[in-house]
Number of protein chains: 2
Amino acid sequence: MQDKNIPYKIYLKENEMPDKWYNVRADMKNKPAPLLNPGTHEPMTFDELRPVFCDELIRQELNDTDPYIDIPEEIRGFYKMYRPSPLVRAYCLEEKLQTPAKIYYKFEGNNTSGSHKLNSAIAQAYYAKQQGLKGITTETGAGQWGTALSMACSYFDLDCKVYMVKVSYEQKPFRREVMRTYGASVTPSPSDTTAVGRKILEQHPGTTGSLGCAISEAVEAATSQEGYRYVLGSVLNQVLLHQSIIGLETKAALDKYGIVPDVIIGCAGGGSNLGGLIAPFMGQKLRGEQDYEIIAVEPASCPSFTRGKFAYDFCDTGMVCPLAKMYTLGSGFIPSANHAGGLRYHGMSSTLSQLYHDGYMKAVSVEQTSVFQAAEQFARIEGILPAPESSHAIRVAIDEALKCKETGEEKTIVFGLTGTGYFDMVAYEKFHNGEMSDYIPTDADLQVGFDGIPRFPGNEF
Amino acid sequence: MQDKNIPYKIYLKENEMPDKWYNVRADMKNKPAPLLNPGTHEPMTFDELRPVFCDELIRQELNDTDPYIDIPEEIRGFYKMYRPSPLVRAYCLEEKLQTPAKIYYKFEGNNTSGSHKLNSAIAQAYYAKQQGLKGITTETGAGQWGTALSMACSYFDLDCKVYMVKVSYEQKPFRREVMRTYGASVTPSPSDTTAVGRKILEQHPGTTGSLGCAISEAVEAATSQEGYRYVLGSVLNQVLLHQSIIGLETKAALDKYGIVPDVIIGCAGGGSNLGGLIAPFMGQKLRGEQDYEIIAVEPASCPSFTRGKFAYDFCDTGMVCPLAKMYTLGSGFIPSANHAGGLRYHGMSSTLSQLYHDGYMKAVSVEQTSVFQAAEQFARIEGILPAPESSHAIRVAIDEALKCKETGEEKTIVFGLTGTGYFDMVAYEKFHNGEMSDYIPTDADLQVGFDGIPRFPGNEF
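These numbers were taken from a predicted model, which means no experiment stands behind them.

Asker: Please explain the interface of chain A and chain B as it appears in this structure.
Answerer: Interface extent is often summarised as the accessible area lost during association of the parts. At the interface, 44 residues of chain A touch 45 residues of chain B. Considering only the surface of chain A that becomes buried against chain B, Phe174(A), Thr181(A) and Tyr422(A) emerge as the three largest contributors, covering 17% of it. Where chain A meets chain B, there are two salt bridges. Residue Glu429(A) is joined to Arg176(B) by a salt bridge in which the shortest nitrogen-to-oxygen separation is 3.0 Å. For the interface between chain A and chain B, the tally reads 27 residue pairs in polar contact (both at pLDDT 80 or more). At seven residues, the largest contribution of residues to the side of chain A that touches chain B is made by helix H8 (residues 173-181) of chain A. When the residues that make up the side of chain A that touches chain B are grouped by side-chain class, the tally is 22 nonpolar, eleven polar and eleven charged.

Asker: Please clarify how the relation of the copies chain A and chain B should be interpreted in this entry.
Answerer: Two chain copies, one operation linking them: a rotation about an axis together with a shift along it. In screw terms, the move from chain A to chain B is a rotation of 180° and a rise of 0.0 Å along the axis, fitting with an RMSD of 0.0 Å. Both copies of the chain, as the preceding transformation shows, are related through a two-fold rotation axis. Relative to the rotation axis, the C-alpha of Asn110(A) is the closest in chain A, positioned 3.1 Å from it. Same-surface contact between copies: 100% of interface residues of chain A are shared with the interface of chain B.

Asker: What is the right way to look at the sheet that holds strand E9 (residues 228-230) of chain B in this model?
Answerer: Residue and element names in this part refer to chain B. Spatial strand order, E8-E7-E6-E9: four strands in an open sheet with parallel pairing. Edge positions in the sheet fall to strand E8 (185-189) and E9, since each has one partner strand and no second. On average, adjacent strands in this sheet sit at an angle of 20° to one another, irrespective of strand direction. Bridge count between strand E7 (residues 159-165) and E8: five bridges; the pairing is parallel.

Asker: Looking at this model, I keep getting lost on the packing of helix H5 (residues 118-130) of chain A against helix H6 (residues 144-156) of chain A. Mind explaining?
Answerer: When two helices pack together, their arrangement is captured by the angle between the axes and the distance separating the axes. Residue and element names in this part refer to chain A. As a packed pair, H5 and H6 sit with axes 8 Å apart at the nearest point and diverge in direction by 40°. Judged by the angle between their axes, H5 and H6 are oblique. Viewed along their axes, H5 and H6 form a crossing whose handedness is right-handed. Seen from H5, the contacting residues are Leu118, Ser120, Ala121, Ile122, Gln124, Ala125, Tyr126 and Lys129; seen from H6, they are Trp145, Ala148, Leu149, Met151, Ala152, Cys153, Tyr155 and Phe156. Taken together, the residues that form the contact of H5 with H6 break down as 13 nonpolar, two polar and one charged.

Asker: Would you explain empty space enclosed by the protein in this entry?
Answerer: Empty space left among the atoms is revealed by rolling a probe the size of a water molecule over them. Residue and element names in this part refer to chain A. Inspection of the entire model under this criterion finds 13 cavities of 30 Å³ or more. Looking at the largest cavity, its volume works out to about 500 Å³. In this structure, the largest cavity is lined by 40 residues; those nearest its centre are Lys117, Ala142, Leu211, Leu343 and Glu389. Looking at the lining of the largest cavity, the elements with two or more residues in it are strand E6 (135-140), H6, helix H7 (166-171), helix H10 (211-223), helix H12 (272-286) and helix H16 (388-407). The residue makeup of the lining of the largest cavity, split by class, is 16 nonpolar, 18 polar and six charged. For the second largest cavity, the calculated volume is near 390 Å³.

Asker: What am I meant to see in the sheet that holds strand E14 (residues 362-366) of chain B here?
Answerer: Note: strands within a sheet are paired through backbone hydrogen bonds, in either parallel or antiparallel orientation. All names here are of chain B. Pairing in this open sheet of seven strands is mixed, and the strands run E1-E4-E5-E15-E10-E11-E14 from one edge to the other. A single partner strand is all that each edge strand has here, and the edge strands are strand E1 (9-10) and E14. Against the sheet, helix H15 (residues 368-382) contacts strand E4 (87-89), strand E5 (102-107), E14 and strand E15 (412-417), and its axis sits at roughly 95° relative to E14.

Asker: What am I meant to see in the pattern of salt bridges here?
Answerer: Two side chains with opposite charge may pair up if their charged atoms get near one another. One pass over the structure, following the stated rule, counts 46 salt bridges over all chains. Salt-bridge contacts for Asp159(A) lead to Lys161(A); the nearest nitrogen and oxygen are separated by 3.4 Å. Here Glu249(B) makes a salt bridge to Lys106(B), at a shortest N to O gap of 2.7 Å. Of this pair, Glu249(B) sits in helix H11 (residues 237-256) while Lys106(B) sits in strand E5, placing them 143 residues apart in sequence. Lys106(B) carries the same exposure label as Glu249(B), and that label is buried.

Asker: Got a minute to help me understand the nonpolar core in this structure?
Answerer: In summary, soluble globular proteins display a tendency toward joint burial of nonpolar side chains. With 240 residues, the main nonpolar core has Met361(A) and Met361(B) as its most contacted residues. Ignoring any residue separated from it by four or fewer positions in sequence, one finds Met361(A) in contact with Leu274(A), Ile278(A), Met282(A), Ile294(A), Ala296(A), Phe305(A), Leu352(A), Leu355(A) and Tyr356(A).

Asker: So what exactly am I meant to see when it comes to the side chain of His392(B) here?
Answerer: Tracing the backbone shows His392(B) in helix H16 (residues 388-407). Owing to a relative accessible area of 0%, His392(B) belongs among the buried residues under this scheme.

Asker: Would you mind showing me how to read the packing of aromatic side chains here?
Answerer: The way to describe two aromatic rings as a pair is by their centre distance and the angle between their planes. For the structure on display, the rule yields 45 aromatic pairs over all chains. With 6.2 Å between their ring centres and 80° between their planes, Tyr79(B) and Tyr82(B) make a pair best called edge-to-face. In this pair, Tyr79(B) and Tyr82(B) both sit in helix H3 (residues 73-82), three residues apart, roughly one turn of the helix. The residues Tyr79(B) and Tyr82(B) share a single accessibility class, namely buried. The structure contains a cluster of three or more aromatic residues connected by ring pairs, namely Phe78(A), Tyr79(A), Tyr82(A), Tyr126(A), Tyr127(A), Tyr155(A) and Phe156(A).

Asker: What's the story with the pairing of strand E10 (residues 263-267) of chain B in this structure? I'm lost.
Answerer: Regular strands place their side chains on alternate faces of the sheet. All names here are of chain B. Judged by how many residues are buried, E10 sits mostly within the fold: five of five residues are covered. Taking every second residue as pointing to the same face, both faces of E10 are buried, with Val263, Ile265 and Cys267 on one and Ile264 and Gly266 on the other. Two elements, E10 and strand E11 (residues 293-299), share five bridges in a ladder whose sense is parallel. Bridge assignment links Gly266 to a residue of E11, and that residue is Ala296. Handedness of the β-α-β unit built from E10, helix H12 (residues 272-286) and E11 comes out right-handed.

Asker: What should I look at first to understand the environment of Glu42(A) in this one?
Answerer: Residue and element names in this part refer to chain A. If you trace the backbone, Glu42 turns up in the loop between strand E2 (20-22) and helix H1 (46-49). Looking at Glu42, the relative accessible area reads 48%, which means it is partly exposed. The sequence separation of Glu42 and Leu323 amounts to 281 residues, and the corresponding C-alpha distance is 9.8 Å.

Asker: Looking at this structure, how should I read the environment of Arg83(B)?
Answerer: Within the secondary structure, Arg83(B) sits in the loop between H3 and E4. Using a relative accessible area of 1% as the deciding quantity, one classes Arg83(B) as buried. When the C-alpha positions of Arg83(B) and Glu249(B) are compared, they lie 9.4 Å apart, and in sequence the two are 166 residues distant. If near-sequence neighbours (up to four positions away) are discounted, Arg83(B) is found in contact with Lys9(A), Met17(B), Lys106(B), Glu108(B), Asn119(B), Ile245(B), Ile246(B) and Glu249(B). Among the polar contacts made by the side chain of Arg83(B), one reaches the side chain of Glu249(B) at a distance of 2.9 Å.

Asker: Whenever I open this one, unusual backbone geometry confuses me. Can you help?
Answerer: The bulk of non-glycine residues show a negative phi, and the bulk of peptide bonds are trans. With an omega dihedral of 5°, the bond running from Ser189(A) to Pro190(A) counts as a cis peptide bond. A positive phi angle, near 70°, is found at Val235(A), a position not held by glycine. On the basis of relative accessible area, Val235(A) is assigned to the buried category, the value being 8%. One non-glycine residue, Gln98(B), lies in positive phi territory at about 55°.

Asker: Can you walk me through the confidence of the model for chain A in this structure?
Answerer: In low-pLDDT regions, the fine details of the predicted coordinates are not to be read closely. Model confidence for chain A is summarised by a mean pLDDT of 94, while 99% of its residues fall at 70 or above. The ipTM for the predicted assembly is 0.92, set against a pTM of 0.95.

Asker: Please explain H12(A) as it appears in this structure.
Answerer: Counting along an α-helix, one turn takes 3.6 residues, and residues three or four places apart therefore face a common direction. Residues and elements named next belong to chain A. At Ala279, H12 shows its largest bend, some 55°, and a proline, Pro280, comes one to four positions later. Counting buried positions over the 15 residues of H12 gives 15, a clear majority of the element. Gly288 occupies a position one or two residues after H12 and carries a positive phi of about 75°.

Analysis parameters
Residues numbered from 1 in each chain as written. Chains lettered and ligands numbered in written order. Predicted model: local features only at pLDDT ≥ 70, side-chain atom pairs only at ≥ 80, totals over all residues. Heavy atoms only, no water. Contact = heavy atoms within 4.5 Å. Buried area = accessible area lost by both parts, 1.4 Å probe. Salt bridge = Lys/Arg side-chain N within 4 Å of Asp/Glu carboxyl O. Polar contact = N/O pair within 3.5 Å; in protein donor to acceptor, adjacent residues only side chain to side chain. Helix = DSSP H or I, 4+ residues; strand = E, 2+ residues; numbered from the N terminus. Nonpolar A, V, L, I, M, F, W, Y, C, P; charged D, E, K, R; others polar. Least-squares fit on C-alpha atoms with pLDDT ≥ 70 in both. Pairing = 2+ DSSP bridges. Axes fitted to C-alpha atoms, helices over the stretch in contact; angles between N-to-C directions. Parallel < 35°, antiparallel > 145°, perpendicular 65-115°, else oblique. Left-handed = near helix turned anticlockwise from the far one by under 90°. 1 Å grid on protein atoms, 1.4 Å probe; cavity = no way out; pocket = protein on both sides within 12 Å on 5 of 7 lines; lining within 4 Å. Points joined across faces, edges and corners; volume = space filled by probe spheres on them. Buried < 20%, exposed > 50% of the residue type's maximum accessible area, 1.4 Å probe, protein only. Core = buried A, V, L, I, M, F, W, Y, C linked by side-chain atoms within 4.5 Å. Phe/Tyr/Trp six-rings, centres within 6.5 Å; stacked < 30°, edge-to-face > 60°. Right-handed = clockwise from strand over helix to strand, strands pointing away. pLDDT = per-residue confidence, 0-100. Bend = angle between axes of the 7 residues up to and from the residue.

Okay, structure coming up:
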């Protein structure tokens, strides 16, 4: 039953859209630990990062003091093409579940990349263009980030080279064509086009790839070519900064109607969506202004928050990247091949890792068949076919709403619907055909990611 | 350069959304000719249509006098889940083309069916449910209609059987999975599950199918089962009525900003999108209140308006349906197999056919490689990957804007962006690989659709 005061979808007006990103690190007492040089174990400096990243993005990466950073006008112009995204009241879902809970979702799938990834892609492409670069390289898992970056590069006329995790490349043949439509080149990873790719292929001949491998290859491709830099779609502080647009819009939309959420739920792979969605709410929580229950949802088959270790680890499999302090399953971890639900990264944003470690949020892991059940249920009721990644949040949002049904609590639940599943139909087909299974890694499985990888003294695993 | 008074996207508020559909036939002096019984050549009566269509939909089909028809509250509730759709000002495209023209597009792709088809699907499913039916059958070409109908049936818990044109079934494997996600059954057409399908397969063993074939099969499947009716996603008057929501929203959004368009452009297959988009504007034109240039765009390989004949013809290949007076290529016409751009129907809405015949609109045909060029250009500039169908309108909108560049005219152009191309990547791949060609049927080709098919005396071809 519709509350007459609250529309199905809340859209901000153009002049209500944020013109600054919010940098949650500024409000953290315990700042996220700095990236370390893997050779010296000293914090990475601006100059050390310059061969890999664009200058302005390094400044954003290292800036943990300024709470607000202006969004350049060109980026705001691009944002206006597909933003604001709607904050949707899930009236139909509420009715079907017969829950007293009020459920809202911030839908980031209404753009051709199909996800929230475009929010950071356009920012990173912009800064690369400003610096006069020829092009950028990156990795992509499910393909959302690669698609987003190819769109952004096309807009600014930059060359775009994408290393795509092999299992996704094979499961999602049409993703490649979308990226080609936007002029990008796409290589399945690991590949023989880089030294690190050849090494990984030699060590693990049948590997279906991982984000960690693809990162290593993309970094090598960037640093070995004049006029190129590497960009990353998640994990980094700069990405969470750009993605704060999600949370800022969500909060502005809720504020317009005087709504204060009780629970905020987001799926977590590297943390870009979750970090963006919760940013302004976490800011209030850190400043002691308001309390929220914040829940990260991850796959049981790639459980970095719930079963990983909080320590310095490599960001990539090939160990060419800096060390980051984060919840990690070990940079050698590769999820089971039967895992079709995305969120495959072995680590987690340092910022979110610190916040989780300090007790500002909790985390749960869910199994993929229950995730696809939630996905299908949601598709049928709310009319949006969700990405498997997003469906992790749907699973827990439904679970929380059903708890409210038992207790009678009228909680307000907000979750991030990060994207659409149009390119995930192979996974849906498995689910429909009963060919999908769950795999929870054993403790021994989880040792594999760490074994034989040198860290440094005092960094406990 | 953004006009500060006009946002990138105009969204109506929930309370500004139309609560009535507009029935353009009420304002036509020359009404569209009635459907005829193919045996008697007399107008089909309500009772004759009852075995095929839902009762309320027949009433709408036959109603050419009431200008407005209330949208039931349940349908308005569903509309609120994905509507209003945005009316977008194509600032980026204007800048890239360096045109003084002002370009707007009504984007109907922001829902999981990926197109405007959902507007009528939900209405038709609703009336079937109201009548207490078990299920409905239909045909689908590109898959947009089938997906929309499966979503609508899932929402109202109706069984949904879809006959999908074989060439699309093969080119779009993931469409089937989306429909399955919504619980529909999907059969490639022609199939051996119906008598008419078996007959067509016998006559044309290697056929890749056509909408006309699939319609015949779906009608047979509906009329041979208790509790089923047939529904159609285009061509019919009732469909144009439901689709008038597109035009009504467009006009309301333009009116809010005092914008009066000069040119209105829509792609035309069976006419559902075009008829819906232009409805209220055509109403003004028919009543002599305002003039607009209205352009229908069709594929050169399936040119019913520009090269078809205005006469009574069968709506389907199997000749089991009534006769409709329309621009037709002959019910036996099947587009060349190299045609990948949708809009494959041999006929055209009777309403639009009459309006075209009476000079209220014009029509142009375009070749598919130029359509895909426009599609890719649009995707890169405006960030939306369009369906091939929609790209016919994009092609002509760009051409019109370029004419304005030459003449210096500041025309306001509105076009319908009916849907997204996520499931059309096989066609895009052909285009990228240079494997796409154009085929313009010869006059002899166009004779094939008519040959050997009995019509009736006085119905001139």
